Amino acid sequence: MAGYLDRIGAGKILLDRAPLSYDWVPSSLVGRDNALSRLASIFSQITNPSVSCKAVVTGPVGSGKTVLTQVFSKDLKSHLQGRRKILHTHINCRNHPSGSQVLQQIALSLDERHPERGLSPGEVVQSIRRYLNARDSHMLLVLDEVDVMIRRDSSDVIYRLLRVDEGKDESGTLSIILVSQDASLLKLFEPAIISRLGASNSLILGAYGEKDLLDIATQRAQASCLKGSISDAVLSKIARYAASTGDARLAIELLEASVIRAEGDGRSEVSISDVKPSEVRISSLEPNTVDGLPTHQKLILLGICRRLKKDDMISSGDALKLYHVVCEEFGYDPRGYTTFWKHMKSLENLGMIESRTDSAIRGRGRTQHITMSNLLPGVLEARLSDILPID
Ligand SMILES: Nc1ncnc2c1ncn2[C@@H]1O[C@H](COP(=O)(O)OP(=O)(O)OP(=O)(O)O)[C@@H](O)[C@H]1O
Ligand SMILES: [Mg+2]
């Protein structure tokens, strides 16, 4: 009997893998209420059948631009039900980088029998307009990663789409949301396009902070995994690592990788050590950055690394105790409390450790909790043990 196959479908942790994929669209967005409200205000006149709206959404990688426009489009469509018929088309220009491909995709989204060749861009735009008008429909077009098309083929297609109704005695055929990582997207356009887009229609998303990333990871974990299989500590570790980039995709990647690792081991709970950022993305500091540290900073760091190899965080009290242990081991006299704290501050300023006062843990005074996001404790421990001189 092939016992190793028992794990397939055992589902000790995973109930549904779909929410761990990037394409999964959550029913509600985390921490983007203001951004959704801002879009709603840009589209405030959309109930009027002769109105078209335009918006430009920019923000860094993984800041939720794509999912924001998806959720907004879906919500808007259902909000306008019975008042205005909305046809929503989302095109990623990275997959269709030329202007004519983009136009073709728009036409195909309306009519899959749209002829592939033989029409000029102007003719395709007019056939899109006729199709929509004949069906009394309004198109909400999202051009995602639009800078890819503009850099390759200029903004001609956007100009044509923005002018779709001009000279036709019609209005309100098509609304556009342009999406890009490029914060200076508007600079790529000619003044005629900028004035049509309207300078005030721009929405800039910021990178996610740790709290939002924790909520995003929690949302995915709840949607995909059995209750109780992923602890808050695991989710916190994921959020903390992802916060170094502010990229929601990194939080989801870390979650998926740790779930797969735990399931692969046949366990029913994800442990803190299953979260291995080094395997997903490379840590941001090189281990040799510790070589030039003063000896007592090396000793403090070694104690911290030993604990962080096993645990997600260490309290400042434990860091002090471990420093004493390491000093004894290497034959040094431990420095006093004030010097210890000065060294801790220096390590933090160098980005080697992070510390915070955890308000959730009560009754312990001002305990600081120390974590390490930019270095791998195991690698550092080995290096420090090698280079520390024995006194
Ligand atoms: N506020 C949020 N709530 C829930 N999930 C989110 C949120 N923001 C992003 N995500 C999820 O994180 C992943 C990355 O988000 P998304 O693809 O929208 O980022 P992006 O800004 O478009 O990135 P890129 O610049 O690489 O295109 C997606 O799976 C998305 O569903
Ligand atoms: Mg995107």
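Here the structure is a predicted model, which means the values were calculated and not measured.

## Some words on the overall build of the protein chain
- The number of helices and strands found in the protein chain is 15 helices and 8 strands.
- A compact globule built from 391 residues should have a C-alpha radius of gyration of about 21 Å, whereas the protein chain, at 27 Å, is more than 25% larger.
- Burial statistics for the protein chain: of 391 residues in total, 35% are counted as buried.
- Look at the contacts in the protein chain between residues 6 or more apart in sequence, and 71% of them connect residues 24 or more apart.

## A word on the site of ligand 1
- The full set close to ligand 1 counts 20 residues, and G64, K65, T66, V67 and A248 are the nearest of them.
- Elements supplying a minimum of two residues to the shell around ligand 1: α2 (65-79), α8 (210-224) and α10 (248-264).
- Split by residue class, the shell around ligand 1 holds 9 nonpolar, 8 polar and 3 charged.
- Counting residues domain by domain, the shell around ligand 1 receives three or more from each of domain 1 (9-18 + 208-280) and domain 2 (33-204).

## Quick word on the nonpolar core
- Residues L143, L213, A217, I238 and A251 are the most contacted members of the largest nonpolar core, which totals 72 residues.
- Ranked by residues supplied to this core, first place goes to α10 with 8 residues.
- Mapped onto the domain boundaries, this core takes at least three residues apiece from domain 1 (9-18 + 208-280) and domain 2 (33-204).
- Ignoring anything within four residues of it in the chain, the contact list for I238 reads A217, A251, L254, L255 and V275.
- Core analysis: the next-biggest nonpolar cluster, separate from the first, contains 23 residues, L299, I300, I304 and Y323 among them.

## Re the sheet that holds strand β4 (residues 174-180)
- Read across the open sheet, the 5 strands follow the order β2-β3-β4-β1-β5; overall the sheet is parallel. Two strands lie at the open edges of the sheet, namely β2 (85-92) and β5 (202-204), each paired on one side alone. Ignoring strand direction, the axes of neighbouring strands in this sheet form an average angle of 15°.
- As judged from the 8 bridges shared by β2 and strand β3 (residues 137-144), these two strands associate in the parallel manner. Note that in β3 the partner of I86 across the bridge is H138.
- Strands in contact with α2 are β1 (54-58), β2, β3 and β4; relative to β2, the strand with the most contacts, it is inclined by about 165°.

## Here we look at the packing of helix α12 (residues 295-308) against helix α13 (residues 316-330)
- Interhelical geometry of α12 versus α13 gives an angle of 115° and a closest axis separation of 8 Å. Between α12 and α13, the angle falls in the class roughly perpendicular. When you trace α12 past α13, the crossing you get is right-handed. On α13, the residues that touch L299, I300, L302, G303, I304, R306 and R307 of α12 are D318, A319, L322, Y323, V325, V326, C327 and F330.
- Each residue belonging to the contact of α12 with α13 can be placed in one class, and the counts come to 11 nonpolar, 1 polar and 3 charged.

## Considering the domain arrangement of the protein chain
- Domain parsing of the protein chain yields domain 1 (9-18 + 208-280), domain 2 (33-204) and domain 3 (287-387).
- The distance between the C-alpha centroids of domain 1 and domain 3 comes to 26 Å.
- Facing 7 residues of domain 1, the contacting portion of domain 3 comprises 6 residues.
- With 4 residues, helix α9 (residues 232-242) is the largest single contributor of residues to the side of domain 1 that touches domain 3.
- Considering only residue class, the side of domain 1 that touches domain 3 consists of 3 nonpolar, 2 polar and 2 charged.

## Section: the packing of α8 against α9
- Contact geometry for α8 and α9: axes closest at 8 Å, N-to-C directions at 130°. As the angle between them shows, α8 and α9 are arranged oblique. Between α8 and α9 lies a crossing whose hand is right-handed. Judged by residue contacts, E210, L213, L214, A217, T218 and A221 of α8 engage L235, S236, I238, A239, R240 and A242 from α9.

## Side note on the sheet that holds strand β6 (residues 314-315)
- Reading across the sheet, the 3 strands line up as β6-β8-β7 and stay open at both edges, with antiparallel pairing between neighbours. Strands at the two margins of the open sheet, each flanked by one partner only, are β6 and β7 (354-357).

## What about the environment of R267?
- Structurally, R267 is set in the loop between α10 and α11 (277-280).
- When the C-alpha positions of R267 and N48 are compared, they lie 56 Å apart, and in sequence the two are 219 residues distant.

## Some remarks on α8
- End to end, α8 covers 21 Å across 15 residues, agreeing with the expected 21 Å (1.5 Å per residue, within 8%).
- Looking at the buried side of α8, the elements it contacts are α9 and α10.

## Comments concerning the environment of G59
- Here G59 shows up in the loop between β1 and α2.
- Separated by 120 residues in sequence, G59 and V179 have C-alpha atoms that sit 8.6 Å apart.
- In this structure, G59 is in contact with K65, I204, L205 and G206, ignoring residues within four places of it in sequence.

Reading the values: rules and limits
- Residues numbered from 1 in each chain as written.
- Chains lettered and ligands numbered in written order.
- Predicted model: local features only at pLDDT ≥ 70, side-chain atom pairs only at ≥ 80, totals over all residues.
- Helix = DSSP H or I, 4+ residues; strand = E, 2+ residues; numbered from the N terminus.
- Rg over C-alpha atoms; globule rule 2.2 N^0.38 Å.
- Buried ≥ 20, exposed ≤ 12 C-beta atoms within 10 Å, placed from the backbone.
- Contact = placed C-beta atoms within 7 Å.
- Near = placed C-beta within 6 Å.
- Nonpolar A, V, L, I, M, F, W, Y, C, P; charged D, E, K, R; others polar.
- Domains from an automatic or database assignment.
- Core = buried A, V, L, I, M, F, W, Y, C linked by C-beta atoms within 7 Å.
- Pairing = 2+ DSSP bridges.
- Axes fitted to C-alpha atoms, helices over the stretch in contact; angles between N-to-C directions.
- Parallel < 35°, antiparallel > 145°, perpendicular 65-115°, else oblique.
- Left-handed = near helix turned anticlockwise from the far one by under 90°.
- Expected span 1.5 Å × (residues − 1).

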